[in-house]
Amino acid sequence: MLTLGEYLDDLTTEGELVETLEEGAVRCVACGHRCLIRLGRRGICQVRFNQDGVLRVPWGYVAALQADPIEKKPFFHVFPGADALTFGMLGCDFHCAYCQNHLTSQAMRDPESDIAASLVRKITPAQMTELALRARAQVIVSSYNEPLITSEWAVSVFQEALKAGLRCAYVSNGNATPEVLRYLRPYLSAYKIDLKTMQDRQYRSLGGVLQHVLDSIRFAHELGLWVEVVTLVVPGFNDSTEELLDAARYIRSVSPDIPWHVTAFHPDYKMLEPEPTSVKTILRAAEIGQEAGLYFVYAGNIPRRVGEYENTYCPACHALLVERTGYTVHGYYLTESGTCPQCGKAVPGVWPENAQQVRLGGPGIPRWVRNR
Ligand code: SF4
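Reading the values: rules and limits
Residues numbered from 1 in each chain as written. Predicted model: local features only at pLDDT ≥ 70, side-chain atom pairs only at ≥ 80, totals over all residues. Near = placed C-beta within 6 Å. Nonpolar A, V, L, I, M, F, W, Y, C, P; charged D, E, K, R; others polar. Core = buried A, V, L, I, M, F, W, Y, C linked by C-beta atoms within 7 Å. Buried ≥ 20, exposed ≤ 12 C-beta atoms within 10 Å, placed from the backbone. Helix = DSSP H or I, 4+ residues; strand = E, 2+ residues; numbered from the N terminus. Expected span 1.5 Å × (residues − 1). Arc of directions from axis to C-beta. Contact = placed C-beta atoms within 7 Å. Pairing = 2+ DSSP bridges. Domains from an automatic or database assignment. Axes fitted to C-alpha atoms, helices over the stretch in contact; angles between N-to-C directions. Parallel < 35°, antiparallel > 145°, perpendicular 65-115°, else oblique. Left-handed = near helix turned anticlockwise from the far one by under 90°.

1. With respect to the site of the ligand
- Within the structure, the ligand sits among Cys28, Ala30, Cys31, His33, Arg34, Cys35, Gly43, Ile44, Cys45, Arg48, Asp93 and Ile149.
- The residue makeup of the shell around the ligand, split by class, is 7 nonpolar, 2 polar and 3 charged.

Structural data, given as structure tokens:
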């Protein structure tokens with residue numbers, strides 16, 4: 001019987017995000033780790049490997065696939081109310097103790113994840129696009145595991161999706177390189193980045209480096225991608241006022257237009273000790289974001305209990321622009337040119353051209369998508 005590794009190694013293609021080195025070694029540039037991978041070895045993510053001097057990378061399958069409300073990504077300034085066909089593969093370049101997708105993300109690292117082999121479904125980019133259209137999705141998103149490490153597959157999917165008029169997006173930990181962001185730029189409309197902590201020591205405990213993420217937020221924004229940033233606020237890990245203020249100020253230094261989602265933690269995987277984040281803490285985090293000068297601050301994961309922090313307001317005149325509860329949009333009041341109907345201010349985001357087509361009162365829950 002094949003091991004999970006042997007099974008996945010068959011579902012690969014030749015990588016493009018790579019530099020060739022001496023003696024058959026390669027350097028992968030798909031994520032900030034920039035692994036030097038010698039003959040027969042694997043990168044930190046385990047799913048990219050050097051076979052006979054060629055970097056092999058995941059291709060041709062998904063391990064998770066569903067139509068999610070785009071608000072679940074979360075994107076609040078990208079086609080509100082739309083469905084996003086969201087796919088994931090296996091593996092990650094981080095090992096966060098509180099990962100909510102650890103069965104797929106920690107494949108080939110945590111033996112408990114071997115069960116993820118049963119989730120793998122072979123599929124082609126054309127079939128993915130067909131599924132997105134059948135699900136009436138307007139956006140196709142690479143998420144669940146870390147998409148950077150499977151960027152060649154995402155680009156293959158996005159090339160088909162763009163031809164069909166879909167928008168494409170990434171939901172990422174932000175451990176990117178300039179090379180991978182330039183590689184993705186022609187296809188992506190939007191990029192969500194997790195800013196998990198402002199302490200490098202804490203980032204390293206998750207398998208990352210703070211500066212890589214900070215640089216990626218800035219560079220993705222400079223490239224013209226629509227960027228939204230999420231901080232999962234974990235009690236005792238990153239919830240001090242100083243740290244939240246640091247995060248908000250950094251985002252503000254890139255652009256006050258970048259939405260910042262502060263979301264509530266619940267115990268998961270190996271991080272079971274902290275209590276779930278309280279409403280009071282999330283509201284404090286959101287207020288810090290506003291005080292730091294961010295125009296769009298949202299409080300997530302505790303719907304109906306965070307007041308105005310689920311809605312979008314005009315930063316100039318405070319008119320209500322998008323009204324939400326959880327992942328459901330109840331009201332959409334932007335003009336077709338993406339301006340405030342009251343004062344005319346241009347509101348940053350990727351807005352639909354036809355406001356009449358924004359779905360209001362949607363179910364606000366994911367839908368499983370069958371691959372027939
Ligand atoms: S994606 Fe990142 S972790 Fe994986 S091989 Fe490439 S540089 Fe290493």
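Resuming the write-up.
2. Remarks on the nonpolar core
- Cys28, Leu85, Val139, Ile140, Ala169, Val180 and Val229 are the most contacted members of the largest nonpolar core, which has 107 residues in total.
- A per-element tally of this core places strand E14 (residues 226-233) first, with 6 residues.
- Of all hydrophobic cores here, the second largest spans 9 residues; its members include Cys314, Leu321, Tyr332 and Trp351.

3. A closer look at unusual backbone geometry
- With omega at -10°, the peptide bond leading from Lys73 into Pro74 counts as cis.
- Along the chain, Pro74 falls in the loop between strand E8 (64-69) and strand E9 (83-88).
- Positive phi is not limited to glycine here, since Tyr144 has a value of about 70°.
- For Tyr144, the position within the fold is in the loop between strand E11 (139-142) and helix H4 (151-163).

4. Details of helix H7 (residues 210-222)
- The terminal C-alpha atoms of H7 lie 19 Å apart, and with 13 residues this matches the ideal 18 Å at 1.5 Å per residue to within 8%.
- Val213, Leu214, Ser216, Ile217 and Ala220 are the residues of H7 that are buried. What you see down the axis of H7 is that its buried residues fit within an arc of 160°, all on one side.
- Those residues of H7 that are buried lie in contact with helix H5 (178-184), strand E13 (190-194), E14 and helix H8 (241-254).
- In the segment just after H7, Gly224 is the residue with positive phi, at about 95°.

5. Thoughts on the pairing of strand E18 (residues 320-325)
- Here strand E17 (residues 312-313) pairs with E18 via 2 bridges, running antiparallel. Its bridge partner being in E18, Tyr313 is matched across the sheet by Leu320.
- Counting the residues between successive antiparallel strands, the hairpin from E17 to E18 contains 6 residues, one of them, His318, with a positive phi of roughly 65°.
- As defined by bridge partners, E18 adjoins strand E19 (residues 328-332) across 4 bridges and the pair is classed as antiparallel. Across the sheet, Glu323 pairs through a bridge with Gly331, a residue of E19.

6. Comments concerning the sheet that holds strand E16 (residues 297-300)
- Pairing in this open sheet of 9 strands is mixed, and the strands run E16-E15-E14-E13-E12-E11-E9-E8-E20 from one edge to the other. On the outer flanks of this sheet lie E16 and strand E20 (367-368), each paired with one strand and no other.

7. With respect to the domain arrangement of the chain
- Domains assigned within the chain are domain 1 (4-58) and domain 2 (61-348).
- Once you take the C-alpha centre of each, domain 1 and domain 2 turn out to be 27 Å apart.
- At the interface, 22 residues of domain 1 touch 25 residues of domain 2.
- Elements with a contribution of two residues or more to the side of domain 1 that touches domain 2: helix H1 (4-10) and strand E6 (54-58).
- Top contributing element to the side of domain 1 that touches domain 2 by residue count: H1, with 4 residues.
- Here the side of domain 1 that touches domain 2 is built from residues that sort into 13 nonpolar, 6 polar and 3 charged.

8. Topic: helix H9 (residues 279-291)
- In a regular helix each residue adds 1.5 Å, so 13 residues correspond to 18 Å; H9 covers 18 Å between its end C-alpha atoms and thus fits that length.
- Of all the residues in H9, the buried ones are Ile282, Ala285, Ala286, Ile288 and Gly289. Seen from one end, H9 has its buried residues packed into an arc of 155°, which puts them on one side. Projecting away from the buried face of H9 at angles above 90 degrees are the exposed residues Lys280 and Glu291.
- Contact partners of the buried residues in H9: E14, H8, strand E15 (260-264) and E16.

9. Considering the packing of H8 against H9
- Contact pair H8 / H9: the axes reach a minimum separation of 9 Å and the direction vectors enclose 45°. The angle between the axes of H8 and H9 places the two elements in the oblique class. In the packing of H8 onto H9, the handedness of the crossing is right-handed. Side by side, H8 and H9 meet where Thr241, Leu244, Leu245 and Ala248 of the first sit next to Ala285, Ile288 and Gly289 of the second.

10. Some details on the sheet that holds strand E2 (residues 18-20)
- Spatially, 3 strands are ordered E2-E3-E4 in an open sheet, and the strand pairing comes out antiparallel. Two strands in the sheet have a free side with no partner beyond their single neighbour: E2 and strand E4 (36-37).
- Note: E2 against strand E3 (residues 26-28), 3 bridges, orientation antiparallel. Among the inter-strand pairings, Val18 is bridged to a residue of E3, identified as Cys28.

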